[in-house]
Amino acid sequence: MANNIIADGDHVIFKRDGTCRVFQIKPDRQAYFEKVKFTVNDLIGQPFGSTFKVDRGNLVKLSETKVLELEQVASEPGADNRNLLDSESNQKMRLEDIQKMKSDGLSGEKIIEELVENSETFDSKTSFSQAKYLKKKKKKHLQMFTVLKPTARLVMEIFSKEPAKICFLRPDTVSQILNFSNVMYGSNVAVVETCQGLVLACVLERLGGHGKVIHIVPNTSDTLCRQVMNYFNFTKDQLDNFYSVPITCLKVETDGIQHKSLNINSSTEIPRDTLMSYSRTELPAIEMLPDRTDDVNEAEKSDIMTEEKEAEKKKREVKREEKQKRQEAAAAFIQNKKLDSLIIACKYNPLPVVKKLIQFLPPSRCVVVYCQYIEPLVECYAWIKEQQVGCQLKFSETWCRDYQVLPNQTHPVINMSGTGGYLLTYTTVSKLS
């Protein structure tokens, strides 16, 4: 994570005019971004934050001076736009001329310069209109993008068109989750989430390679969709601090509180896409079973079971045993009440999860429950009050609005999200007798 040079196998984010997309760098791999196809070989060894343009399928690195030149307005602005008329006759060049310039191999900068020179109204436009015109033409004729290191904010921009996949989380909401849960260097944090691994990645990044992150999954399979964790290029030392344990492996203790075994299917209504994601996670377990052929004789079996398959089978068994040991260690860690905080951010009703896990938290520990709807959090609030297992209960909803900050153009962004969800935060206490 400390390395700022792009390496083979790293995940990077391509960004252009607010559009973000993640790619994994591999030699001779073809990437397709903003209707442009190119190879990513030239990215290996380059620093993050570099800007490139695509020239006939190849990447050409642009210097900072060149990038600034492309962003500047190349003419003196006019007073206003009151006398301008939107007409095709304002541009002397035709589509055939532009296509001929492209076929002749002229660069995007040359095409934009010709468009500006042959525009009868460009000089009379205001600086704002000139910048808007250039931005539009650059997006069409100049294939340019910046390669950035994945961060939580950039990853959330990737899901901006499908926010339901990350439970409508926003950067300000994630920051509140990390703040209220008191996640810091060396903490031991349990996380229950169905946000593509976004919350897990943010917690693991903040721990800085020390402490533990335990992902509690709702069934016996621990391979729930955690694709976002791959985007952050975590090192092996950081991933060694990550554990996953099914909630069914945690034993329920009788401590005076009425705990019921967690049965999400019967106690809550799970969205259809969540049920599909759970069913998909069980597929790898089937693949791990050895192939069986009942119709072949012993001689044919000996030919099929080669040494290579036997070695691969042993590797799978060792890997399965190691995973089982890590699960058992994580379950023992939780049951010994060594957690510092608990974070819940899931699509389904969080109340059964709170009832199941509250007993494994010692007093004075932080709990944060996130939900995109407030009604499930009200149920959690009422139950915690009734059982007297928490204090300093607080509901919160962060209101956030982005601003465009430019010279003489500072104003709120027109399009914004309606809500970033709701948070229930509290501190655990020993139940009063």
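Residues numbered from 1 in each chain as written. Predicted model: local features only at pLDDT ≥ 70, side-chain atom pairs only at ≥ 80, totals over all residues. Heavy atoms only, no water.

The name that an unreviewed UniProt entry assigns to the chain is tRNA (adenine(58)-N(1))-methyltransferase non-catalytic subunit TRM6, with the source organism given as Biomphalaria pfeifferi. Taken verbatim from the UniProt record of the chain, the Subcellular location (unreviewed entry) comment is "Nucleus". According to the UniProt record, the Sequence similarities (unreviewed entry) comment for the chain is "Belongs to the TRM6/GCD10 family." (UniProt positions renumbered as here; feature names shortened; annotations may be inferred.)

Trainee: Which parts of the structure should I look at to understand the packing of helix α3 (residues 108-117) against helix α4 (residues 127-141)?
Mentor: The packing of two helices is summarised by the inter-axis angle and the distance between the axes. It is the contact of α3 with α4, at a shortest axis distance of 10 Å, that shows an interaxial angle of 140°. By the angle between their directions, the pair α3 and α4 is classed as oblique. Of the two possible hands of crossing, α3 and α4 adopt the one that is right-handed. Every residue of α4 that contacts α3 at Gly108, Ile111, Ile112, Leu115 and Val116 is listed here: Tyr133, Leu134, Lys137, Lys138 and His141. (Axes fitted to C-alpha atoms, helices over the stretch in contact; angles between N-to-C directions. Helix = DSSP H or I, 4+ residues; strand = E, 2+ residues; numbered from the N terminus. Parallel < 35°, antiparallel > 145°, perpendicular 65-115°, else oblique. Left-handed = near helix turned anticlockwise from the far one by under 90°. Contact = heavy atoms within 4.5 Å.)

Trainee: For this particular structure, what's the right way to read the nonpolar core?
Mentor: Nonpolar side chains in soluble globular proteins generally cluster together in the buried interior. Residues Leu198 and Val203 are the most contacted members of the largest nonpolar core, which totals 38 residues. Secondary-structure elements contributing two or more residues to this core are β2 (19-24), α5 (152-158), α6 (171-180), β8 (188-193), α7 (198-207), α8 (227-231), β11 (341-345) and β12 (366-371). It is α7 that provides the largest number of residues to this core, a total of 8 residues. Membership of the second largest hydrophobic core comes to 36 residues, among which are Val245, Ile247, Val354 and Tyr426. (Core = buried A, V, L, I, M, F, W, Y, C linked by side-chain atoms within 4.5 Å. Buried < 20%, exposed > 50% of the residue type's maximum accessible area, 1.4 Å probe, protein only.)

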